[in-house]
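Here's the letter readout for the chains.
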Amino acid sequence: MIGYVARRLSLGVLQVLLVAVGVFALTEALPGDAAVTIAGDNPDPAIIAGLREELGLDRPAWERFAEWLATAVQGDFGTSLVGPRAVAEVIGSAIGPSLLLAGLALALLVPLSTGMGMLAANREGGRVDRAITSTTLGLYAAPEFAMAILLVTVFAVQLGWFPPTAIGSSLVANPALLVLPVLVLLLRPICSLSRLIRAGVIEAQRSPYVQHVRRLGLSPVRIRFFHVLPNAAAPAVQQLARTADWLLGGVIVVEAIFVVPGLGTALLDAVSARDLPVVQGLALVFACTTVLVNLGADITARVLSPTSEVGR
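Basis of the calculations
Residues numbered from 1 in each chain as written. Predicted model: local features only at pLDDT ≥ 70, side-chain atom pairs only at ≥ 80, totals over all residues. Heavy atoms only, no water. Helix = DSSP H or I, 4+ residues; strand = E, 2+ residues; numbered from the N terminus. Expected span 1.5 Å × (residues − 1). Buried < 20%, exposed > 50% of the residue type's maximum accessible area, 1.4 Å probe, protein only. Arc of directions from axis to C-beta. Contact = heavy atoms within 4.5 Å. Patch = residues over 30% accessible without salt bridge, like charges linked within 9 Å, V, L, I, M, F, W, Y side chains within 5 Å. Areas by Shrake-Rupley, 256 points an atom, 1.4 Å probe, with all protein chains shown as cover. Salt bridge = Lys/Arg side-chain N within 4 Å of Asp/Glu carboxyl O.

**Q** In this structure, what is going on with helix 6 (residues 127-141)? I would like to understand it.
**A** Helical periodicity: at 3.6 residues per turn, an α-helix aligns residues three or four positions apart in one direction. A rise of 1.5 Å per residue sets the reference length of helix 6, with its 15 residues, at 21 Å; its end C-alpha atoms lie 21 Å apart and thus fit the reference within 8%. Among all positions in helix 6, only D129, I132, T133 and T136 are buried. In a view along the axis of helix 6, the buried residues occupy a sector of 95°, so they form one face of it. Residues R127, S134 and A141 are exposed on helix 6 and point more than 90 degrees away from its buried face. Those residues of helix 6 that are buried are in contact with helix 5 (87-122) and helix 8 (176-205).

**Q** Sorry, what's going on with a nonpolar patch on the surface here?
**A** Residues L11, L14, L17, L18 and V21 make up a contiguous nonpolar surface patch of roughly 430 Å² in combined accessible area. Checked against the element boundaries, L18 lands in helix 1 (residues 2-29).

**Q** Whenever I open this one, the pattern of salt bridges confuses me. Can you help?
**A** Close approach of charged atoms allows side chains with opposite charge to pair. For the structure on display, the rule yields 2 salt bridges. Of the charged contacts, one joins R85 and E89 as a salt bridge, the two residues approaching to 3.6 Å between their closest N and O atoms. Between D129 and R198 there is a salt bridge whose closest N-O contact spans 2.8 Å. Of this pair, D129 sits in helix 6 while R198 sits in helix 8, and the two are 69 residues apart along the sequence. Owing to a relative accessible area of 22%, R198 belongs among the partly exposed residues under this scheme.

Dropping the structure here:
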């Protein structure tokens, strides 16, 4: 296990470095830069040249990237080009709403998807199984932005049950703001995760080792939760890791529709302003999150089912 973790961490460091290089190169390829953005709609070439010199944008790209990478390793992502704030401060102020939404979605996702998957598997081929399967397939086919707009139109605009956006309000002080965004975040992941658990439970129930423990006279509850579910959950852990990565990275569409000031919104603002240090800092945070979450998922899958190929 130690060797496996070391190999995965080494690969993760390489992946993070490649992401940093790729993001820097793509941002450099965008038309215009922060100096043009700051100068406004009718820029003076002399003012733009002065701003580029002041911001250090007149230096070679490789030099600016090397300097940024050297300081980023020490935890310093630099300063925003369009404001006096440090990049770490920008990320820190935006990560709270994203973590809150992601945490609530994950806290509801695990028990709901597990319960739905086991319920469908224990009634394989029955009405309950068909109803759950049909509903999850239909919901999974709907994109997040369409579901978000539909929910806002029905429950916020027409019925007035929930606020349509988070403009001017605190998510913590007004929990009603969280209902619609969390519901949108749950709809697709709960469909895919419950179907994976259903398939895993059905396969595990038909396996020889489960048949053997049944012959030993163990109770159905003990068999279901201590022998069937751990092996059925091992593949689902991978999907849960991808979902957690997706949530923690900031769901840009959901945050944009509900005007949630999270990481996704911060990334959109930074890209539109050509604020390269903020874009690079967020990309590095997203990349590190992806590596760590997937590493944790692989380790968990191997612990749950040591004989499976998941996570090897």
